[in-house]
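Report on the structure
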Amino acid sequence: MQLEIRPDPAEVGRARKWARSRLAGSGISADEPVAETLVLLVSELVTNAVVHTGCPAVLRLLLTGVCEDAAGGPAGTVRLEVADSCDRAPAPRCADGDATGGRGLALVDGLADRWGWTREGSGKRIWCEMDRGAAGSPEPRVGTRAAAAHGDFAFEAV
């Protein structure tokens, strides 16, 4: 499932609405913690693409094995991707306490189970994944810090 995004800040709200609809249509109810977190992640990644690139982007939502596990609990992985045609790699941003921006990928790093970015043609793709049922889990998540040695992962904010 994908949504084309224009380089307009109003697209962020449209992307959130689209994501909520697609998640609900895939059996992930709005009251599941993972749904709320995924919508926040959509908001952050689309905002980064719209604000920092000035290019159109494509939001993709991929659901792998979204179902109930053997015990009747939620299972599966949801992957969000935002691809744009901007050739600039994500760049570090360090927001001070009063700043109203600059924390997008720090939130992604803290909330997603995994995330990273790759060059794609003349642009890039930033992605994150959440394991359904993992929201609120006390187990540590594998984020960019653990995966940075694999090359395509980043600590940077866009």
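Above this text is the structure in question.
Computed from a prediction, not measured in an experiment: that's the story for all the values here. (Residues numbered from 1 in each chain as written. Predicted model: local features only at pLDDT ≥ 70, side-chain atom pairs only at ≥ 80, totals over all residues. Heavy atoms only, no water.)

**Some points on the environment of Val 39**
Put simply, the rule is: Only DSSP runs of H or I covering at least 4 residues are called helices, and only runs of E covering at least 2 are called strands; the numbering of each starts at the N terminus. Exposure is judged per residue with a 1.4 Å probe applied to protein chains only, and the accessible area is read against the type maximum: over 50% gives exposed, under 20% gives buried, and values in between give partly exposed. In this analysis, two residues are considered to be in contact whenever any of their non-hydrogen atoms come within 4.5 Å of each other.
Mapped onto the secondary structure, Val 39 falls in helix α2 (residues 33–53). For Val 39, a relative accessible area of 8% puts it in the buried group. For the pair Val 39 and Leu 23, spaced 16 residues apart in the sequence, the C-alpha separation amounts to 9.2 Å. Apart from residues lying up to four places away in sequence, Val 39 is in contact with Arg 16, Arg 20 and Leu 23.

**Notes on the nonpolar core**
Inclusion rule: We call a set of buried residues a nonpolar core when its members are Ala, Val, Leu, Ile, Met, Phe, Trp, Tyr or Cys and they connect through side-chain atoms within 4.5 Å of each other.
The biggest cluster of nonpolar side chains holds 32 residues, and the ones touching the most others in it are Val 46 and Leu 59. Those elements that place two or more of their residues in this core are β1 (2–5), α1 (11–25), α2, β2 (57–68), β3 (74–84), α3 (104–111), β4 (114–120) and β5 (123–131). Top contributing element to this core by residue count: α2, with 10 residues. Residue contacts for Val 46: discarding those within four places in its chain leaves Ile 5, Glu 11, Val 12, Ala 15, Leu 59 and Val 82.

**Regarding α3**
Going by this rule: By definition, the arc is the one covered by directions from the helix axis to the C-beta atoms.
Within α3, the full set of buried residues consists of Gly 104, Leu 105, Val 108 and Asp 109. For α3, the angular spread of buried residues about the axis comes to 135°, placing them on one side.

**Let's talk about the environment of Arg 93**
Along the chain, the position of Arg 93 falls in the loop between β3 and α3. Look at Arg 93 and you get partly exposed, because its relative accessible area is 40%. For the pair Arg 93 and Arg 103, spaced 10 residues apart in the sequence, the C-alpha separation amounts to 7.6 Å.

So, to be careful, I would describe these as geometric facts and stop short of saying anything about function.
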